[in-house]
Amino acid sequence: SIQRNKETTAAAQLIQLRVKATSKMSIAMSTCTKAAGALALLALLDPAEAFHGLSAARLAAPQARRGGLQHLRAAPVCAPTRRSPSLLTMMASEDKTVLQRAGHSMASLAVFLSLVMPAYIAPARVAAQAPSAPASEKKLDGGAKVEKQPMGKRGIEKASLSTDESVKKIQEKAELFGEILADLQDLYVDPVDLDKLAETGFQAMLNSLDPYTEFENVEAAKVMRTQTIGNYGGVGLVISKNKDSKGADLPYITVVNAFEGYAFDAGMRVGDTLVAIDDKDVKDISTGDVSAMLKGEPGSKVQLNYKRPGLPDVQKAELTRKIVLLRDVPLGMTLGKDEDRVGYVKLQGFSTSAAAELAYVIGQLQAESPLKALVLDLRGNPGGLLSSAIKVSELFINEGEKIVTTRGRTISTGDPLNSGTATATAAPAQVVPSPKDKTSETKTAVAEGAAVMKRSTFETTYNSDPIAMRIPNGQQEVVFHPPLLKKDTKLVVLVNRGTASAAEIVSGAIQDHDRGIILGETTYGKGLVQQLQRLGQGGQQIKFTIGKYYTPSGRCIQSKAYTAKKGELGTDEVKVKDQDRKEFFTDSGRKVRDGGGIEPDIAKKDPQVGQLERELDRKDLFFEYANKYEAAHLVDGEVLAKQQALMATDEVYADFQQWVVKQTIDVESPFDKSLDIMKTALEETGYTAALGEVQTLKVKLQSLTQEEFKKDATSIKRRLDLALRSRFVPESIVTSVALYGDVQVDEAFQVATDPSKYVSILGANKAASKQQVAAIDPKNKMVDKAEGAWDVFGN
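The text that follows walks through the structure, step by step, so that each part is easy to find. Everything numeric here is computed off the predicted structure, so don't read it as measured data.

### Thoughts on the overall build of the protein chain
Reasoning step 1: Along the backbone of the protein chain there are 24 helices and 29 strands.
Reasoning step 2: Out of the 795 residues belonging to the protein chain, those deemed buried represent 49%.
Reasoning step 3: By sequence separation, contacts in the protein chain at least 24 residues apart represent 72% of the contacts at least 6 residues apart.

### So, the packing of helix α13 (residues 611–618) against helix α20 (residues 713–725)
Reasoning step 1: With their axes 10 Å apart at the nearest point, α13 and α20 run at an angle of 20° to one another. Judged on the interaxial angle alone, α20 and α13 are roughly parallel. Handedness of the crossing formed by α13 with α20: right-handed. Residue-level inspection shows Leu612, Glu613, Leu616 and Asp617 of α13 in contact with α20, the latter providing Ser715, Ile716 and Arg719.
Reasoning step 2: Tallied by class, the residues present in the contact of α13 with α20 amount to three nonpolar, one polar and three charged.

### Side note on the sheet that holds strand β20 (residues 490–495)
Reasoning step 1: Strand order in the open sheet formed by six strands is β11-β12-β13-β20-β21-β28, with mixed pairing between adjacent strands. Sheet topology places β11 (331–335) and β28 (602–603) at the edges, where each strand pairs with a single neighbour.
Reasoning step 2: Pairing between strand β13 (residues 373–377) and β20: five bridges, direction parallel. Bridge assignment links Val375 to a residue of β20, and that residue is Val492.
Reasoning step 3: Its contacts with the sheet place helix α22 (residues 743–752) against β11, β12 (342–346), β13, β20, β21 (517–520) and β28, and it is angled at close to 160° to β20.

### Quick word on unusual backbone geometry
Reasoning step 1: For Asp278, which is not a glycine, the phi torsion comes out positive at approximately 50°.
Reasoning step 2: In this structure, Asp278 sits in the loop between β6 (273–277) and β7 (280–281).
Reasoning step 3: Despite not being glycine, Ser501 has its phi angle at roughly 60°, a positive value.
Reasoning step 4: One can find Ser501 in the loop between β20 and α12 (502–512).

### Focus: α22
Since one α-helical turn is 3.6 residues long, residues separated by three or four positions face the same way.
Reasoning step 1: Burial analysis of α22 places seven of its ten residues in the buried class, which makes it a mostly covered element.
Reasoning step 2: Regarding α22, the residues found buried are Gln744, Val745, Glu747, Ala748, Phe749, Val751 and Ala752.
Reasoning step 3: For α22, the N-terminal capping position is held by Asp742, with its side-chain oxygen 3.0 Å away from the main-chain nitrogen of Gln744.

### Examining the packing of aromatic side chains
Reasoning step 1: Counting across every chain of the model gives nine aromatic pairs.
Reasoning step 2: Ring centres of Tyr653 and Phe709 lie 6.2 Å apart, and the angle between their planes is 70°; this geometry places the pair in the edge-to-face category. Of the two residues, Tyr653 sits in helix α16 (residues 650–662) while Phe709 sits in helix α19 (residues 708–711), which places them 56 residues apart along the sequence.
Reasoning step 3: A relative accessible area of 4% means that Tyr653 is categorised as buried.
Reasoning step 4: You can call Phe709 buried: its relative accessible area is 6%.
Reasoning step 5: Each member of the aromatic cluster is reached from another via a ring pair, and the members are Phe622, Tyr625, Tyr653, Phe656, Trp659 and Phe709.
Reasoning step 6: A cation sits over an aromatic face here: Arg727 above Phe623, 4.5 Å from the ring centre.

### Quick notes on helix α10 (residues 354–365)
Reasoning step 1: Taking 1.5 Å as the rise per residue, α10 with twelve residues should run 16 Å; its terminal C-alpha atoms sit 17 Å apart, in good agreement.
Reasoning step 2: Summarising burial for α10: twelve of the twelve residues are buried, a large majority.

### Side note on the pattern of salt bridges
Opposite charge on two side chains allows them to pair when their charged atoms are near.
Reasoning step 1: Tallied over the full model, the rule gives 26 salt bridges.
Reasoning step 2: Between Asp514 and Arg590 there is a salt bridge, and its shortest N-O distance comes to 2.8 Å. Taken together, the positions of Asp514 in the loop between α12 and β21 and Arg590 in the loop between β26 (583–585) and β27 (591–593) put the pair 76 residues apart, joining distant regions of the chain. An identical accessibility class is assigned to Asp514 and Arg590; each is buried.
Reasoning step 3: One continuous salt-bridge network, built from bridges that share partners, spans Lys346, Asp377, Arg379 and Asp742.

### Re a negative patch on the surface
Reasoning step 1: Together, Asp164, Glu165, Glu172, Glu175, Glu179, Asp183 and Asp186 give the surface a local cluster of negative charge.
Reasoning step 2: Within the secondary structure, Asp183 is located in helix α6 (residues 164–187).
Reasoning step 3: Assessed through its relative accessible area of 39%, Asp183 is described here as partly exposed.

### With respect to the nonpolar core
Reasoning step 1: Ranked by size, the top nonpolar core spans 64 residues in total, and within it Leu347, Leu358, Val392 and Phe396 carry the most contacts.
Reasoning step 2: Residue contributions to this core peak at eight residues, all from α10.
Reasoning step 3: Discounting residues that sit within four places of it in the chain, Leu358 has contacts with Val329, Val345, Leu347, Leu376, Val392, Leu395 and Phe396.
Reasoning step 4: Counting 26 residues, the second largest nonpolar core, distinct from the first, contains Ala641, Ala648, Leu720 and Val737.

Rules used in this analysis
Residues numbered from 1 in each chain as written. Predicted model: local features only at pLDDT ≥ 70, side-chain atom pairs only at ≥ 80, totals over all residues. Heavy atoms only, no water. Helix = DSSP H or I, 4+ residues; strand = E, 2+ residues; numbered from the N terminus. Buried < 20%, exposed > 50% of the residue type's maximum accessible area, 1.4 Å probe, protein only. Contact = heavy atoms within 4.5 Å. Axes fitted to C-alpha atoms, helices over the stretch in contact; angles between N-to-C directions. Parallel < 35°, antiparallel > 145°, perpendicular 65-115°, else oblique. Left-handed = near helix turned anticlockwise from the far one by under 90°. Nonpolar A, V, L, I, M, F, W, Y, C, P; charged D, E, K, R; others polar. Pairing = 2+ DSSP bridges. Polar contact = N/O pair within 3.5 Å; in protein donor to acceptor, adjacent residues only side chain to side chain. Phe/Tyr/Trp six-rings, centres within 6.5 Å; stacked < 30°, edge-to-face > 60°. Lys NZ or Arg CZ within 6 Å of the ring centre and 35° of its normal. Expected span 1.5 Å × (residues − 1). Salt bridge = Lys/Arg side-chain N within 4 Å of Asp/Glu carboxyl O. Patch = residues over 30% accessible without salt bridge, like charges linked within 9 Å, V, L, I, M, F, W, Y side chains within 5 Å. Areas by Shrake-Rupley, 256 points an atom, 1.4 Å probe, with all protein chains shown as cover. Lys, Arg positive; Asp, Glu negative; His and termini not counted. Charge placed at Lys NZ, Arg CZ, Asp CG, Glu CD. Core = buried A, V, L, I, M, F, W, Y, C linked by side-chain atoms within 4.5 Å.

Now the structure itself:
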C-alpha cells in the first residue's frame, strides 16, 4: 500500500509537470491565433489596406432587402484538417467562395486561417460529427445535438490528490464500483452490457449535481468537439427516421435538410428518401449508422440512391465529401428601404468562428455605406464557447469596458498555506486573458482528516481589448480599437426563452453598457460555466460546472438552483423567487435584476402557437403534405418558391385541410390525456354510467381543435408555406422568408428607425467616446483618428 501511494504521488507530480508545459504551449499558440485572427479581421474590413500592392477586389455588396427574395449568405469556407486534400481544390469547388469574392487575394487566405486556426491548436484530432435537433432525433451526417455551453480552449489542471487519505478514499470507491460490475457480469440472470452499466452509473452520479454536469462517451465527445470547432467531414445532409401513423419508425432514412454549398448543390433536397449508400441497402439501419456511412475523408466519393416524391424511379447522385462548415451566421440581409440602412443578422451559435463570421457579414452589409441600425437576432441561440462570446461582444462594446466576470472554486492538495490573494497566469474558465484582463485567486487551507485541502476561488474579468497588428506593407503597425460597429449605429437585440448561456453573456453586456435595446422575451437564465476534462486515452470526457458568470453590472442571471433529490436520483430545480432577486444598475442608471435571465427592455412575445398547429407539427403532417405538393409541382416548384408571393394560397390551404381530414390520424386536444385518466378512474371505481359523457366531451373538444383551421389560419398558412418552400430552395432563402410577418422583427425595425423612441428607452446615455486607430511605434506613420473602424478601413 505504501509503495502504491508513492507511485500514485510520483504519477500525479508528473501529470502536473506535463499540464504546466502544455499550458505554456497553449498560451503561445493562443497568441499566434489572436494575431492571425486580427490580421483576418483587418482583411475582412479592407483587403486593399491589409494587403498593399496586391489585387483586392471589393467584397460583394449585399443584395437582400426586405421585400425581395435575393439573399445574402456567408460564402462557404472549407476548413481543412491535417489529412485534407489540396486546399485550392476544395476552395475552387465552392459556389461564390471567399476567394472569388476577394479577387483570389491573400485577404481570403487570412479569413480562412482565422476560421480554422483553432482546429490546429487542439490537443488531439477527433473524427468530427455533426449536431442535430433533439426534438425529432435528427442527425447531421450523424450524431445527436448537444447543447453548447460556455467553454473555452484551455483546460484546468486536475486536482493532485496525493495524500494517503484522499487516495485511499478514491481507491475504496473505485474498487467497490468494480466489484459491483464484476458480480453483475458473472452472476446476473441475463448477459449485461458493462459499458452501458458503467455509463449509467457515471451519469447518475453526475446528474445528482446539476443537469449540465455529465459524462460523455466517445461518440458524445466527438459531437461536442464538432460543436466547438464548427466543422466536420461529410456531405452536408441532415437526416432523420420519420414515423408512421402508429408511431413506428419507417424503414428508410429521410433527408430533412441539405446544406447550401454542399449536398444541396449536388442535387439533394428535403424530402428525399435514402435507399442505398454505395450500393448497400439502408433499410432498417439506424440513423447513427447511416450517418457514419455518409462521413468520411474529405475528397472521397459516396454514391447515394434515393427516391423523390413525383419521380417513379430511384435516383442516383455522387457526392464528394468535404469539410462541412457549420455556420453560426446563416443569414444577413437588410430590412426596409435602401435609405433606412437597417441590417439584420441571425447568430445561431458560438463556435470558434462565430466572431469572424459575424464581422464578415456586417462588413458586407456596410460595403456600400455604413448602417444606421443593426438587428442582431439571438432567438433560439443555446450558447457555446465563452471565448467566442467575448469576441462577439468586442464587436459592440467600447475598448476597456467590462464584458463578463467568471467566478468559481478550484481545489488542490499539499502543504498548508496562508490565506491571501495571488495573480494567476490563465483563467480557469478556459480562456487565456489578455494583459488587461484581471484574474485573482483567493486561497484558504481546510483540514479534512489527515489531508489538508487547499480550496481556492478564482475570479477573472474579461474586458473589451484592442487588437494589435502589422499591415503587411512592412511599414506600419496599428491598433484596432473596439467596437467594430460605430457607436452611433443603433443596435436592437432579439431574445426569447431559447436564448441561453453565451448568448446571454453578449446580450447582458450590451444591456448593462446601454449599447443597445433588448427586445423580445426573458431569456433562459443559464449563468453557469462548464469545463471539459478528458479521461484517460479512450476519448471519453466529463463536462462539469466550475463557476458562474456575472454581467458587467455584477448580476448573475442564473434562474435556477439545483439540489439533490432526497433518496432519489437526479436533482430538483428550485427557481429563484422574485422577492429574492437583487437590483443592479446599467451605466446610465437603468435598473436590472439578477436571478432570472436577461429581461428585455421591450417585452414582445411571439404569438402563441395553437393546439392544432402543434398537433400538425408533432405528427409531421406539414412534412407529409409537402411530399404531395412537391410531386405535383416538380416543374414549377422552384420558380414559385423564389417568388415573394405566398405558396400556401387559399386554394392550397383548402386542399391541405381536406387532406388532413382524410388522414386516419386523430387530432388530439390538450385535454385528451386528462380525459383518458378520468375514464380509467371511472372504470376502476364502477361509475361506468358516466363514460358516455366523457367520450362525448372528448369528441367535442377534438372538433373545437379542428376549428382552429379558421381561427389560426394566418399562423398555420405561414408554417405550411415554409414547409413547401423548403423543398425547392436552400435554407437561407427559407430563413429570410420566415421574417415576413415576424412581429418581433417588425417591432425591432420600428424601434431602430425611431430615434426618439430608441433614446428614450436607453435613458441618459454616456457621452460616446470616439474610437481611434493609433500607431504602436511613434516612428511609424500615424493613422488618423476616426469615429469607427469602418471609417478607417473603408466602406
